[in-house]
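Examining the three-dimensional arrangement
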Amino acid sequence: GNHPQFKEIEDYLPTQKAKALDGTNLELKEHQKSALKALEAMRDNSETIALLYHATGTGKTTTAVLDAKRCGGRVLFIAHTQELVDQATKRFRELWVNTTVGRYCDVVKQPRAHVVCGSVQSVALHLEDFKDDDFDYLIVDEAHHAAADTYQKVLSYFKPSFTLGLTATPERMDGKSILSYFNNRIAAEIRLPEAIDRKLLCPFQYFGVTDTVDLDTLKWSAGGYDKGELSKIYTLSGAMANRRADLVVSALLKYVTDIDDVKGLGFCVSIEHAEFMCRYFNEHNIPSMFLTGHSPEEERKTAKQRLVAGEVRFIFVVDI
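The present account deals with the structure reproduced in this document. (Residues numbered from 1 in each chain as written. Predicted model: local features only at pLDDT ≥ 70, side-chain atom pairs only at ≥ 80, totals over all residues. Heavy atoms only, no water.)

Okay, the sheet that holds strand β11 (residues 264-267) next. What holds strands together in a sheet is hydrogen bonding between their backbones, with the strands either parallel or antiparallel. Spatially, β11-β13-β12 is the arrangement adopted by the three strands of the open sheet, whose pairing is parallel. The outermost strands of the open sheet, each flanked by one partner alone, are β11 and β12 (288-291). Shown here is a sheet whose adjacent strand axes are inclined to one another by a mean of 25°, direction ignored. Where β11 lies against strand β13 (residues 314-317), four bridges are found, and the strand directions are parallel. Opposite Leu265, over in β13, you have Ile315 as the bridge partner. (Pairing = 2+ DSSP bridges. Helix = DSSP H or I, 4+ residues; strand = E, 2+ residues; numbered from the N terminus. Axes fitted to C-alpha atoms, helices over the stretch in contact; angles between N-to-C directions.)

For the rest of this paragraph, the subject is the pairing of strand β7 (residues 162-167). Within β7, six of the six residues are buried, which leaves it mostly tucked inside the rest of the structure. Residues Phe162, Leu164 and Leu166 line one face of β7 and the alternating positions Thr163, Gly165 and Thr167 line the opposite face, and both faces are buried. Sheet topology note: the strand β1 (residues 49-54)/β7 ladder contains five bridges and is parallel. Residue Ile49 lies in a different strand from β7, and its bridge partner there is Thr163. Alignment of strand β6 (residues 137-140) against β7, held across four bridges, turns out to be parallel. From the neighbouring strand, Leu138 faces β7, where its bridge partner is Thr163. Handedness of the crossover is the feature at issue here: the chain leaves β6, passes through helix α6 (residues 149-157), returns alongside β7, and the resulting connection is right-handed. (Buried < 20%, exposed > 50% of the residue type's maximum accessible area, 1.4 Å probe, protein only. Right-handed = clockwise from strand over helix to strand, strands pointing away.)

Here we come to the sheet that holds strand β8 (residues 186-190). Read from one edge of the open sheet, eight strands run β4-β3-β5-β2-β6-β7-β1-β8, paired in mixed fashion. Edge positions in the sheet fall to β4 (108-109) and β8, since each of these pairs with one other strand and no more. As judged from the four bridges shared by strand β2 (residues 75-79) and β6, these two strands associate in the parallel manner. Across the sheet, the residue bridging to Phe77 is Ile139, located in β6.

Here we take up unusual backbone geometry. With a phi close to 50°, Asp106 is a non-glycine residue in the positive phi region. Mapped onto the elements of the fold, Asp106 is located in the loop between β3 (101-105) and β4. Phi angles above zero are rare outside glycine, and Glu142 is one such case at about 50°. Topologically, Glu142 is positioned in the loop between β6 and α6.

Here it is in structure tokens:
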């Protein structure tokens, strides 16, 4: 059932209409109500593009869906991963009844739906399936990727009445600003500390641990160390790499009361680094796995289940 040429039952059916309850009676948080008012005011002022900057977990996708719904026209939602496309499809179907919601990614192509949720890669490769004025409302998820060529190809092709970028991290790691791509217009903003203060998100404790790795000789460019050089020193430097990994394990055991109750994520600089840390943790009796952009879809889907069930304690990840 995981072979890439197999399709899901849904893929053979006509574009489905929403089956869930209408979002009319959905109880919104104050920051979502404020964002919707701000977006409406911007359109009343003849503005055509904006950025919605809300911390992860504060419901920015819901806000975008409801704003698009009240505008009423056709919608294109683009994102860079299958998971985000699927989540958006589900949310549109839950909140916007009596309209068609389709997907446009991989083998699934439903370009004529009223709402199209697609991967930016698929849409960019098949722009001939669309007219430039097909959509009235364009939503760009994870808008900090807007500087990428695929996003620029899509953004420069379509001519919607309104474009909304969604992001939790407007400051890119390479130092480039994304605000210029959205006319420097932020419709609403709520950063992580404010979201925690307003009890929208759970608070957390942060412990900084200093290692002994000397990074003075590494290249520094675009606001960060060279990832290739970092990967080598963190994985291939022999005793130094092992000492650093051991320090991570020791710090974890120091700050955690019971390792058997821990479920966590480890963010790594490269695939090799993720593999290395996963192997090191497993060798030290902390069940772990790693995920990358090349991980099979089934492995990505079951990772959360394995973590929740306690089958693994850590998942090491790398964004490539």
